[in-house]
Protein chains: 2
Amino acid sequence: MKVAKFGGSSVANATQIKKVADIIKSDSSRKVVVVSAPGKRFSDDVKMTDLLIELCYAKQNDQDYDTCLQKIMTRFQEIIDDLGISHYILEDIQQTIEKYLQFDISPMAQLDALKSVGEDSSAKIVSAYLEHIGLDASYVNPKDAGIFVSNEPGNAQLLPESFSLIYKLREREGVSVVPGFFGYSADDDLVTFSRGGSDITGAILASGTKADLYENFTDVDSVFTVNPNFVKNPKDITVLTYKEMRELSYAGFSVFHDEALIPAFKEQIPVCIKNTNNPDAPGTMVVSEKKATDQCVVGIASDVGFCSLYVSKFLMNREVGFGRKLLNIFEDEGISFEHTPSGIDDMSVIFRDNQFTPEKEKVVIDRIRHELNVDTVSVHRDLAVVMVVGEGLENTIGVAAKATASFAQAGVNIDMINQGSSEVSMMFGIHAVDLEQAIQSLYKEFFTDESNLEFSAVSAKEQQ
Amino acid sequence: MKVAKFGGSSVANATQIKKVADIIKSDSSRKVVVVSAPGKRFSDDVKMTDLLIELCYAKQNDQDYDTCLQKIMTRFQEIIDDLGISHYILEDIQQTIEKYLQFDISPMAQLDALKSVGEDSSAKIVSAYLEHIGLDASYVNPKDAGIFVSNEPGNAQLLPESFSLIYKLREREGVSVVPGFFGYSADDDLVTFSRGGSDITGAILASGTKADLYENFTDVDSVFTVNPNFVKNPKDITVLTYKEMRELSYAGFSVFHDEALIPAFKEQIPVCIKNTNNPDAPGTMVVSEKKATDQCVVGIASDVGFCSLYVSKFLMNREVGFGRKLLNIFEDEGISFEHTPSGIDDMSVIFRDNQFTPEKEKVVIDRIRHELNVDTVSVHRDLAVVMVVGEGLENTIGVAAKATASFAQAGVNIDMINQGSSEVSMMFGIHAVDLEQAIQSLYKEFFTDESNLEFSAVSAKEQQ
């Protein structure tokens, strides 16, 4: 039994929804379907969810919201007309929106309610269309699906008791179409997950129903080995482990938010990332374990916006507790750090730039000066982090040699190397300006046909 | 004006002391001389200091100590006879020892007093011999030299007020010969420095007198680029910065204890390591700053006996304070760590093995399990640390590539790379069993004529 989740672009219009229907029809084990709100149809289109947010703010600020409401209804009508299904759904949607607009509840709660209309309507439309083409399908409200959550508007957390309720979905006849993105609190309030929450719903249902597979349909054939902005038509990743996925997402792989997958990971449900527009493509499987292959590097991820704070103090490494005190200051100031490379008399802390406002910087540096009386403290911004990711990296002689050689070949200076903790990644810090050359060089090294693991060993031998 | 310190082998017998005298005679700016106790004359000889310790313990345990005392006196007599200087000194030494043996003070204080006789006698003998050959020289007791210290037997710390007193040494006529290794407390107790304390005395006097140069005479021509146990006749290091020295000593470079040099470092007194048996050899200069050269790697140091503790916890990097809490446990348990490489969901702590008894290990691991509820925690012993050291490393493209290529070429797997904090070193963690091959390969790479910085970049280019 499979849970299939379809993203915004997959339900953006009738044409896309028909593709979704074909996909569901083609495999009877796709028993649970989760849908997002209608996404963009063209690059500068507006997502349904954004229209609904606009509507809510207009209402809450006593501005005229009719035009916005019209936009929303027109868009739903278009889809419904093109699918040739009953207008009764359109009225249903309209009534739901009107009801939420009149709700006398907290602004946050009202926002959640209105935001949910996008996914909720998609689910109603898709289930109606599936019935229309003769499938046994039904719309299942998250409450009936058993999705009960904490009452944190915009950031709902699933309540553990939900899982046993969700498992009952298996008993339902035909295809259950569940709207993503929201659930209900114990006292029956509608609460949404964080943005992108349809992925969360999908993973929750996959894990709750103990599905054999969680299919995540997007608009890409698969996860790429490297960011396509740096390398044209990069190779696909066919199989990824959860760990690899985590490390890749960390450094800016944005196919979907990795944390959304956690419920599936925890139940070890395999995940398949597929393309609604090309369902026959194998896609990328994300699994808990995979066989070792010669190609131990699966992907190269990178992200910018890092910052490094460097402190040096003579005889630092004789001072028990120095590192802890330094990290303590970061914690006090609410800055979560990423890495802490340390020498003998010096230590650096690498963290996300956006946490470091000029005021924060002043406070942190003053505290370090006064509380730790260091010899020097300095801050370096505009760092990029590059991650070479793959299971079994740590036992593969020569990977570090290949990677560092590629940086050298690209004329890129390495500010930082962090290897040895994670078993699945090797981390490099470089200047953001060098990122593109670095990635291109690494890609050549690890993913073009010439590349092979023995090489750097050989080339090193030649150097003797 | 120079301060010259001569180690144990330089005053082990008359022949050596004559070399010392020639060295002092040959340069009138050598105004302050510090001497150690007579060291070994042949490999299984016993150092004077060890004889004195034996003597003290015999006395304190009411055993017969005449034979031991005899050994000591015979050895001094041999030196004095061979130098042809007055026996008055021999009686003086004997009286001093007798006096200390009868001292009614704490055993620790008595041990300090007796230990000091080695250096004290060397100073008396050397100054007498210098006068004997017609130099204006005099023995200067540490008290008269102004060396006042804290009253911590065997671990004296210099009192700041000493420096102004020591400066007065400059005013003395002729050559002042000061015994190393000890000073006096405010209430006139004789207290020794930690073992190897003659280096400390030398550095203190060089800094106190604001000497132009501190010469540290040993029995090697210079500091080697790599441990001679791994590489036959390795190249010499001609110039080293203090920082480079620190990093090299940290990882097992044992020419002398780096901390002994700190007083000289702090006053930026240049240090020259020279060979008493080959004084014309240029030796190794240790300076605060040096010009950048093409050869940015000055040395390769290594040390064994490291241990790594690995913890992994899903979503660790979302948990503010995790790293701090982990290091906190180490601090509580009094374990000082060296490095903390961290991934996204995992972190390692590298520290010296000897701090980690089986009991300690149990406590630490239990605490980590219960207080941090991690997913996994494991300990890996028998690690070696290899440091590639050189000022300006961090700005030199390709050094990491060369280093990692050498490891690969030697078939050595790199468990850990830590680069990016220290500006003068790059640190690698490997299995201790691989150390010799690794060092030999690195030496070839960085110090044999074929080696040049561009190479790995080129070899990388060839790979494209």
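- In the annotation of an unreviewed UniProt entry, chain A is listed under the name Aspartokinase and assigned to Oceanobacillus locisalsi.
- The UniProt entry for chain A carries the following comment under Sequence similarities (unreviewed entry): "Belongs to the aspartokinase family."
- Under the UniProt heading Catalytic activity (unreviewed entry), the entry covering chain A gives this text: "L-aspartate + ATP = 4-phospho-L-aspartate + ADP".

**Here's the deal with the domain arrangement of chain A**
Residues and elements named next belong to chain A.
- Taken domain by domain, chain A comprises domain 1 (2-287) and domain 2 (299-463).
- The straight-line distance from the C-alpha centre of domain 1 to that of domain 2 is 37 Å.
- Contacts between the two partners involve 19 residues from domain 1 and, on the opposite side, 25 residues from domain 2.
- Buried area between domain 1 and domain 2, summed over both chains or domains, comes out near 1,800 Å², and the portion from carbon and sulfur atoms is 61%.
- On the surface where domain 1 and domain 2 come into contact, there are 0 salt bridges.
- On inspection of domain 1 and its partner domain 2, the count reaches 7 residue pairs in polar contact (both at pLDDT 80 or more).
- Ranked by the residues each element gives to the side of domain 1 that touches domain 2, the list is headed by helix α9 (residues 242-250), at 5 residues.
- In terms of residue class, the side of domain 1 that touches domain 2 is made up of 9 nonpolar, 6 polar and 4 charged.

**Some points on the packing of aromatic side chains**
- Tallied over the entire structure, the rule returns 18 aromatic pairs over all chains.
- Ring geometry for F314(A) and F265(B): centres 6.4 Å apart, planes at 70°, overall edge-to-face. With F314(A) in the loop between β13 (299-312) and α11 (322-332) and F265(B) in helix α10 (residues 262-266), this pair bridges two chains.
- With a relative accessible area of 27%, F314(A) lands in the partly exposed category.
- One aromatic cluster is present, built from ring pairs that chain together Y242(A), F265(A) and F314(B).
- In this structure, R246(A) is placed above the aromatic ring of F314(B), and the distance from its NZ or CZ to the ring centre is 5.5 Å.
- In this arrangement the basic side chain of K143(B) is found over the ring face of Y184(B), its NZ or CZ atom lying 4.7 Å from the centre.

**Things to note about the sheet that holds strand β10 (residues 239-241) of chain B**
Residue and element names in this part refer to chain B.
- Pairing in this open sheet of 8 strands is mixed, and the strands run β3-β4-β2-β1-β7-β11-β12-β10 from one edge to the other. Each of the sheet's edge strands pairs with one partner strand only, and the pair in question is β3 (137-139) and β10. Taken pair by pair, the neighbouring strands of this sheet meet at an average axis angle of 20°, ignoring direction.
- Pairing analysis gives 5 bridges linking strand β1 (residues 2-6) to strand β7 (residues 213-218), with the strands arranged parallel. Bridge pairing links K2 to L213 in β7.
- Running over the sheet, helix α9 (residues 242-250) touches β10 and β12 (284-287) and is turned about 85° from β10.

**Observations regarding the packing of helix α3 (residues 66-83) of chain A against helix α4 (residues 88-102) of chain A**
Residue and element names in this part refer to chain A.
- Interhelical geometry of α3 versus α4 gives an angle of 155° and a closest axis separation of 10 Å. Classified by the interaxial angle, the pair formed by α3 and α4 is roughly antiparallel. Handedness of the α3/α4 crossing: right-handed. Contacts between α3 and α4 pair L69, I72, M73, F76, Q77 and I80 from the former with I89, L90, I93, Q94, I97 and E98 from the latter.
- The residue inventory of the contact of α3 with α4, partitioned by class, reads 9 nonpolar, 2 polar and 1 charged.

**Overview of the interface of chain A and chain B**
- Of the residues lining the interface, 70 residues belong to chain A; the matching set on chain B comes to 70 residues.
- Between chain A and chain B, the buried area comes to about 6,300 Å², and carbon and sulfur atoms account for 54% of it.
- Summed over the shared surface of chain A and chain B, the result is 4 salt bridges.
- E331(B) serves as the salt-bridge partner of R324(A), at 2.6 Å between the closest nitrogen and oxygen.
- Taken together, chain A and chain B are joined by 16 residue pairs in polar contact (both at pLDDT 80 or more).
- Here the element with the most residues in the side of chain A that touches chain B is helix α15 (residues 454-463) of chain A; it accounts for 8 residues.
- Class assignment of the residues belonging to the side of chain A that touches chain B gives a composition of 25 nonpolar, 26 polar and 19 charged.
- Where strand β17 (residues 416-419) of chain A lies against strand β17 (residues 416-419) of chain B, 3 bridges are found, and the strand directions are antiparallel. Following the sheet pairing, N418(A) is matched in β17(B) by N418(B).

Parameters and conventions
- Here, residues in each chain are numbered from 1, in the same order as that chain's written sequence.
- Ligands are numbered from 1 and chains lettered from A, in the order in which they are written.
- The predicted nature of this model means local features are confined to residues of pLDDT at least 70 and side-chain atom pairs, given and counted, to a pLDDT of 80 or more, with totals for whole chains, interfaces and linings taken over all residues.
- Only hydrogens and water are removed before side-chain values are computed, so all heavy atoms of the structure are retained for them.
- UniProt positions are given in the numbering used here, feature names are shortened, and annotations may be inferred rather than shown by experiment.
- As used throughout, domain bounds are those supplied by an automatic or database domain assignment.
- A contact between two residues is defined here by any heavy atoms of the two lying within 4.5 Å.
- When two parts are brought into contact, each loses some accessible area as probed by a 1.4 Å sphere; the total of that loss over both is the buried area.
- Salt bridge, as applied in this entry: a Lys or Arg side-chain nitrogen positioned within 4 Å of an Asp or Glu carboxyl oxygen.
- Throughout this description, a polar contact denotes any pair of N or O atoms lying within 3.5 Å of each other; where both atoms belong to protein, one of them has to be capable of donating a hydrogen while the other can accept it, and for residues adjacent in sequence the pair is counted only when both atoms sit in side chains.
- A helix here means a DSSP run of H or I that spans at least four residues, while a strand means a run of E at least two residues long, and both kinds are numbered starting from the N terminus.
- Any residue outside Ala, Val, Leu, Ile, Met, Phe, Trp, Tyr, Cys, Pro, Asp, Glu, Lys and Arg is labelled polar, Gly included; the first ten of those are nonpolar and the last four are charged.
- When two rings of Phe, Tyr or Trp (its six-membered ring) have centres within 6.5 Å they constitute a pair, described as stacked for plane angles under 30 degrees, edge-to-face for angles over 60, and tilted for the intermediate range.
- Note on exposure labels: buried denotes an accessible area under 20% of the residue type's maximum, exposed denotes more than 50%, and partly exposed covers the range between, all computed with a 1.4 Å probe on protein chains only.
- Our definition puts a charge over a ring when NZ of Lys or CZ of Arg is within 6 Å of the ring centre and also within 35 degrees of the ring normal.
- Strands are labelled as partners when DSSP assigns at least two bridges between them.
- Only the contacting stretch of a helix is used when fitting its axis, a line to C-alpha atoms as for every element, and angles between N-to-C directions run 0 to 180 degrees.
- With respect to orientation, any angle under 35 degrees is reported as roughly parallel, any angle over 145 as roughly antiparallel, any angle of 65 to 115 as roughly perpendicular, and every other angle as oblique.
- Handedness of a helix crossing follows the sense of rotation of the near helix relative to the far helix, less than a right angle counterclockwise being left-handed and clockwise being right-handed.

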